[in-house]
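Okay, here's what each chain looks like letter by letter:
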Amino acid sequence: VLERAAGDRQVVVFTHDDRLPEAVRRLGIDARVLEVTREPRSVVRLRPALDPVRRHLDDAMMLASTEDLPPEVAGQVVPAFCRLAIESACTDVARRRLLGRGVRHDEVERRLLASRTLSRRAALALFEDAERAGDVLRYLHNHFGAWAADTFKATNKGAHAGIDGDLRGLINQTHRLTNGLRGL
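Asks: So what exactly am I meant to see when it comes to the environment of L84 here?
Replies: Along the chain, L84 turns up in helix α4 (residues 71–100). Sequence spacing of L84 and A49 is 35 residues, and the spatial spacing of their C-alpha atoms is 17 Å.

See the structure below:
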């Protein structure tokens, strides 16, 4: 409806909800999506909105590149952003697959909300069944390789307990995994 209306007029929508931008991306609608941020002294800045996967990975890389950030903080926060990127990719895949099979939007959202853990969200994306969370690591290992299952585990564990090690490598592997998941 908004796409048709935009054929001969300007349409502006303000929302905090990612479902509208997600639908624009999924349906390939030609739209300019902007993010509005408020900076110090109430300076308002507009920037092109990134999809959630890319936004989380960019935030993770920014933190990993911040020299004065204590390593224990970076080791906790960077894996959390990587985990959010994987979760966002799984959300996109689950929506695309379920809606493509004719599942109603409200039912898709109900299933996504019920998939509260990363493994359950991944199972919903991979198998359209959140109850198959125990099959996720095996699937990732068999379909993409051991690196994918290792990355999934590292981001999930690291988001809760933090990690020591190569944070940029984790970000790069997460990027590789999210690309693979989105290609399913």
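Back to the write-up after that little detour.
Asks: What exactly am I supposed to notice about the environment of M61 here?
Replies: Locating M61 in the fold gives a position in helix α3 (residues 52–64). Look at M61 and you get partly exposed, because its relative accessible area is 25%. For the pair M61 and V93, spaced 32 residues apart in the sequence, the C-alpha separation amounts to 24 Å. Ignoring sequence-local partners within four residues, the contact set of M61 consists of R168, I171 and N172.

Asks: Help me understand the pattern of salt bridges, please; the structure alone is not making it clear to me.
Replies: Pairing between side chains of opposite charge can happen when the charged atoms of each approach one another. With the rule as written, the count across this model stands at 20 salt bridges. Across the salt bridge formed by D17 and R19, the nearest N and O atoms sit 2.5 Å from each other. When its relative accessible area of 31% is taken as the criterion, D17 is described as partly exposed. For R19, a relative accessible area of 42% corresponds to the partly exposed category. One salt bridge in this structure joins E35 and R47, with 2.7 Å as the shortest N-O distance.

Asks: What should I look at first to understand helix α8 (residues 146–161) in this one?
Replies: Owing to its 3.6 residues per turn, the α-helix aligns residues three or four sequence positions apart on the same side. The end-to-end C-alpha distance of α8, which contains 16 residues, comes to 22 Å, matching closely the 22 Å that a straight helix rising 1.5 Å per residue would cover. Turning to α8, its buried residues are W147, A148, A149, T151, F152, T155, G158 and A159. Tucked into the core, α8 has its buried residues touching α4, α6 (118–127), α7 (136–143) and α9 (167–182). Looking one or two places after α8, you find G162, whose phi comes out positive at around 75 degrees.

Procedures and definitions
- Residues numbered from 1 in each chain as written.
- Predicted model: local features only at pLDDT ≥ 70, side-chain atom pairs only at ≥ 80, totals over all residues.
- Heavy atoms only, no water.
- Helix = DSSP H or I, 4+ residues; strand = E, 2+ residues; numbered from the N terminus.
- Buried < 20%, exposed > 50% of the residue type's maximum accessible area, 1.4 Å probe, protein only.
- Contact = heavy atoms within 4.5 Å.
- Salt bridge = Lys/Arg side-chain N within 4 Å of Asp/Glu carboxyl O.
- Expected span 1.5 Å × (residues − 1).

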